[in-house]
Structures are given as C-alpha cells and as structure tokens.
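Fold and geometry: a report
Residue strings, one per chain:
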Amino acid sequence: MTTRHLLVFVLLVVGLFRAERAFGATLENYLSPPGAIWGVLLETNASANGLCAVPGGFVVAGTKTGPVGPGLDRWGLLARLNESGGVLASTNFAYETDHNGLFAVIPAPVDATGPEGFALAGWRNHHSVDPTDPRREWDVPWMWLVRVDSNFGRVWDHDYGTIGYTGMGQALLRSGSEWTLGGYESYAAGGAGPEYCGWLRRLSALGEQVASTNLGSSEISGVRAIQPAHGGGYVVATGRGLVKVNEALEVLWRGGDTPFDSGYQPDAYQGVRACADGTYLAVGTRCHGPDTAYESDLILSRFHGDGAVAWTAVFGEDGPKVDSASDLLLTADGGCVVLGTTESYGHGGSDVWLLKTDASGNLQWDLLLGGEGNDQGGSELGGGDWRIGT
C-alpha cells in the first residue's frame, strides 16, 4: 500500500508539518496536529504563501512583518527545506528600499537569461506622483517578478504597474521561455474608492512585458491561479469566475461570473485544474450578501470546456462563518483533494481544512488541522506526496 502524506504551512506563524490522513483527532500540540509526522516553526509574524517542490525537499516563499525604525515594515522571505523540514538555505528581501512581499514560487530552468533557480511573484512598493494632483506623492505596491539562482542570488527583477494604481502579483506560470504573471490592480489615488481589477501580463524570458490585459472588476482577489487550458491558451481563476484567454491574452470565454442567486456575490475562485475529460475543476468562495467579510462557503465547481458550470458543491455551515478554498489536486479516481480554511468546524478560530471528494463533488473525507488561533490553508502541489502550503 502506498502512503500519501501532506506538507502543510500555517499563516501568521510560518510553520511546517508533514501529516498523514487522520480522522477525529484532537489537537494537543501546535507542532503535532492530527496525523502529523513532524513539525517545525520557521518564522514568527510571517505568512507562507507559495510552495515549490525540488529534489530532496521544497522551497517556500512568503512575507514577514517586523519593526524597522519607529514603524513596521514588510518584506519577502524565501527558504529551502529538506524533506524533514530542516532549513538548508534562506534569504529575505529586507534590503529593498520599501515594502515588498512574495506570493508564488516556481522552478526556473537554466537558459540564456540565467542559471537554474526560481522565479518569484509578489509585490514591491513603487514611488510615483499622484496623476490627479502632482503635489502629492505615493508609495504603492506594484506587481513584481524576481528571478533568483539556486542559491537565492538575484539574477534580475522587474515591477509592473500603472501610476496611481496599486498592484499585486499572485500567480505565475512559465510557458516555453516566457512568463505569465497574474494578480490585480486597484485605483489608489483620487476617485471615490478602490476598484479591483484582475490583470494578466505576458512577459519575455527576461521579464519584459509583451502583452497585458485587464480582466475587469473582480472584487478584491483579482487573478489567483493560472493553468494551461484545453486547446491552448490559459484558464484563469479570478474573484469573478473563471476566464479562458488565448496566448495573446484575449478573452475567449467567461464562466461562473454572475451570482447564482439574488443576495450573493459572484463566486470567487482561487484554484483551478484542467481535467483529462476536457472539463475544469475550480475551488473558491461563495459570499453571502453585500458584506462579504463575515459569511461565506467553500465551493468546488466543475466547468465544461466552454466555460458553462456543470455543478457546484457547497461546504460549510449557515451563519456568520467564513469558509473558503484556495487550491486543489486532482486524484486518479476523477475526484480531487481541496485545501481550504474553515470557521464552521475545528479547534477554534479558523483551521486548515482538507477535503476529499469524488468526481461528482460528494465529500468522501475531510481533515481539520490547527489550534485555538487562526490557521489558514494556502497552496497545494502534486507528486508522489501531497504537499500543501498555507
């Protein structure tokens, strides 16, 4: 029998534990959650946002908050760990002149633009003048792409944005020698308030912008995941449904971008996978009412190849609880393993929530991991084991 394992990171205190599937256990120790084989804490006041598998271990990207002078600062973190959670190498971007953070990390092979290493997506503050009032200046985050070598030495980096707008890089995909960077931009200077729009940027091997597109209003989350689509192009998980674009980033279809009923927001998706049968499975959040901060359910949806929603499975309890999904893995039986966060169940506050469903979205088992505080699930990786970053 093959034993599958889980690697899980916890927000706010960056930690790692490797866990087997387990049921009904009570959390007695933060470092030994139900089914855990081992655990290690890496950083306090920090979040682990991205996870990348490498031979003999994995690489974690995230963001730390800490004191700098009289105030607080935020900066990106990067660490390489072995299969037992031991830190082999680490670095941070505190030497940047302003705030920055990291959301995604993927392998970068050796090519004409640099040695073998990693590409990182995130944000870095950019200094600009208010376009509506030249007397005012702003330091606002822009989308950021960083290329590092295998020892985390910086090879090159670029930031991308529009004067007067804030931006955030949250998803990254390598296509041949090019990069596709996803995230959001929001109007920051002047106007009645921020409007968040999902953005895609197609970048050359050296990070120079080749094409970009504004996918329109997507609440606050923007683009959260990018995957190769059936028939070419990309399928994108956004804060307002799924979007399929071609390689020129032209929109081919939108799916699930309208509320399923009155009194709800459009479904917001954070993870998507292309299935062997030509469909897509996507996970995210269904928010109740105009105030989306206090009541939501975790959702799993299957989309036809043309973007039509085949079905949506909803998980969570009624009432002022926040449940959400952030990523998924496809399984050999046609179903999936969903990673999310729940306030409806667990050990207090919010907990990491792992769910296994069949091909029709029926729950087969679930697992809760966390303590009395707030713990949140983030990203998953496939392979011989299940690796989950939060």
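Each remark here, short or long, concerns the structure printed above.
Residues numbered from 1 in each chain as written. Predicted model: local features only at pLDDT ≥ 70, side-chain atom pairs only at ≥ 80, totals over all residues. Heavy atoms only, no water.

**Comments concerning the overall build of the protein**
Rules: By the criteria applied, helices consist of DSSP H or I runs no shorter than four residues and strands consist of E runs no shorter than two, each listed in order from the N terminus. Each residue's exposure class comes from its accessible area (1.4 Å probe, protein chains only) as a fraction of the maximum for that residue type: buried when under 20%, exposed when over 50%, partly exposed otherwise. Note on definitions: a residue-residue contact is assigned when non-hydrogen atoms from the two residues lie within 4.5 Å. Note on areas: these come from Shrake-Rupley sampling with a 1.4 Å probe, and a residue is covered only by the protein chains present in the view.
From N to C terminus, the protein includes 0 helices and 29 strands. Within the protein, buried positions represent 52% of all 390 residues. Partitioning the contacts of the protein with sequence separation of at least 6, the portion at a separation of at least 24 is 49%. By element, 50% of the accessible surface of the protein is carried by carbon and sulfur atoms, the whole surface being about 16000 Å².

**As for the side chain of Lys-356**
Here is the rule: Between N or O atoms, a polar contact is any pair within 3.5 Å; within protein, one atom must be a potential hydrogen donor and the other a potential acceptor, and residues adjacent in sequence are included only when both atoms are from side chains.
Tracing the backbone shows Lys-356 in strand β26 (residues 351-357). Judged by its relative accessible area of 7%, Lys-356 falls in the buried class. At 2.9 Å, the side chain of Lys-356 and the side chain of Asp-333 are in polar contact.

**Overview of the environment of Val-322**
Looking at the element boundaries, Val-322 is found in the loop between β23 (309-315) and β24 (324-330). Taking the C-alpha atoms as reference points, Val-322 and Ser-296, 26 residues apart in sequence, are found 4.8 Å from one another.

**As for the nonpolar core**
For clarity, the threshold we go by: Nine residue types can take part in a nonpolar core, namely buried Ala, Val, Leu, Ile, Met, Phe, Trp, Tyr and Cys, and a core is a set of them joined through side-chain atoms within 4.5 Å.
The biggest cluster of nonpolar side chains holds 15 residues, and the ones touching the most others in it are Ala-119, Leu-145, Tyr-160, Leu-172, Trp-179, Leu-181 and Leu-203. Of all the secondary structure elements, the ones that give two or more residues to this core are β8 (100-108), β9 (117-129), β10 (137-149), β11 (154-160), β13 (178-187) and β14 (196-203). In this view, Leu-172 contacts Ile-106, Ala-119, Leu-120, Ala-121, Leu-145, Trp-179, Thr-180, Leu-181 and Ile-226; residues no more than four positions away in its chain are not counted. Of all hydrophobic cores here, the second largest spans 14 residues; its members include Cys-52, Ala-61, Leu-102 and Leu-120.

**Quick look at the sheet that holds strand β20 (residues 268-274)**
The condition is simple: What makes two strands pair is DSSP finding at least two bridges between them. Angles shown run from 0 to 180 degrees and are taken between the N-to-C directions of axes, each axis being a line fitted to C-alpha atoms and, for helices, limited to the stretch in contact.
Reading across the sheet, the 4 strands line up as β20-β21-β22-β23 and stay open at both edges, with antiparallel pairing between neighbours. Looking at the sheet topology across the chains shown, the edges are occupied by β20 and β23. Neighbour-to-neighbour, the strand axes of this sheet turn through a mean angle of 20 degrees, independent of strand direction. Pairing between strand β21 (residues 280-287) and strand β22 (residues 296-303): 8 bridges, direction antiparallel.

**Some thoughts on the packing of aromatic side chains**
What counts here: Stacked, tilted and edge-to-face are the three classes applied to pairs of Phe, Tyr and Trp rings, where Trp contributes its six-membered ring and a pair requires centres within 6.5 Å; stacked means planes under 30 degrees apart, edge-to-face means over 60, and tilted covers the rest. Our definition puts a charge over a ring when NZ of Lys or CZ of Arg is within 6 Å of the ring centre and also within 35 degrees of the ring normal.
Overall, the coordinates contain 6 aromatic pairs when judged by the stated rule. Here Phe-93 and Trp-144 contribute two aromatic rings whose centre-to-centre distance is 5.6 Å and whose plane-to-plane angle is 80 degrees, an arrangement assigned as edge-to-face. You can see Phe-93 sitting in the loop between β7 (87-92) and β8 and its partner Trp-144 sitting in strand β10, a full 51 residues away along the chain. Under the relative-accessibility criterion, Phe-93 is labelled buried at 1%. Judged by centre distance (5.4 Å) and plane angle (75 degrees), the rings of Tyr-184 and Tyr-196 are edge-to-face. Separated by 12 residues along the polypeptide, Tyr-184 in strand β13 and Tyr-196 in strand β14 bring together distant segments of the chain. Its end group placed over the ring of Trp-179, Arg-174 keeps NZ or CZ at 4.7 Å from the ring centre.

**Notes on the pairing of strand β19 (residues 251-255)**
As defined by bridge partners, strand β18 (residues 241-245) adjoins β19 across 4 bridges and the pair is classed as antiparallel. Each residue of the ladder has a partner; that of Val-245, found in β19, is Val-251. Hairpin remark: β18 followed by β19, antiparallel, with 5 residues in the connecting loop; positive phi at Leu-249, about 70 degrees.

**Observations concerning the pattern of salt bridges**
Definition in use: A side-chain nitrogen of Lys or Arg and a carboxyl oxygen of Asp or Glu constitute a salt bridge if their distance falls within 4 Å.
Scanning all chains against the criterion turns up 11 salt bridges. Across the pair Asp-277 and Arg-302 runs a salt bridge, and its minimum N-O distance is 3.9 Å. Here Asp-277 is found in the loop between β20 and β21, whereas its partner Arg-302 is found in strand β22, with 25 residues between them in sequence. In this structure Asp-277 comes out as exposed when scored by relative accessible area, which is 55%. What makes Arg-302 buried here is its relative accessible area of 9%. Where salt bridges share partners, they join Arg-124, Arg-154, Asp-157 and Asp-159 into one cluster.

**A closer look at the pairing of β23**
Strand direction decides the pairing type here: β22 and β23, joined by 6 bridges, are antiparallel. Directly across from Arg-302, in β23, lies its bridge partner Trp-311. If you look at the hairpin formed by β22 and β23, you'll find 5 residues sitting between the two strands, and Gly-307 has a positive phi there, around 95 degrees.

**Overview of the sheet that holds strand β17 (residues 234-238)**
Pairing in this open sheet of 4 strands is antiparallel, and the strands run β16-β17-β18-β19 from one edge to the other. A single partner strand is all that each edge strand has here, and the edge strands are β16 (223-228) and β19. Looking at each pair of strands side by side, their axes are set apart by 20 degrees on average, direction ignored.

**Let's talk about unusual backbone geometry**
Leaving glycine out, the prevailing phi sign among residues is negative, and the prevailing peptide bond configuration is trans. In this structure, Phe-152 takes a positive phi of about 75 degrees despite not being glycine. Of note, Phe-152 is situated in the loop between β10 and β11. Of the residues examined, Phe-152 reaches a relative accessible area of 7% and is grouped as buried. Of note in the backbone geometry, Leu-249 takes a positive phi value of approximately 70 degrees without being a glycine. Mapped onto the elements of the fold, Leu-249 is located in the loop between β18 and β19.

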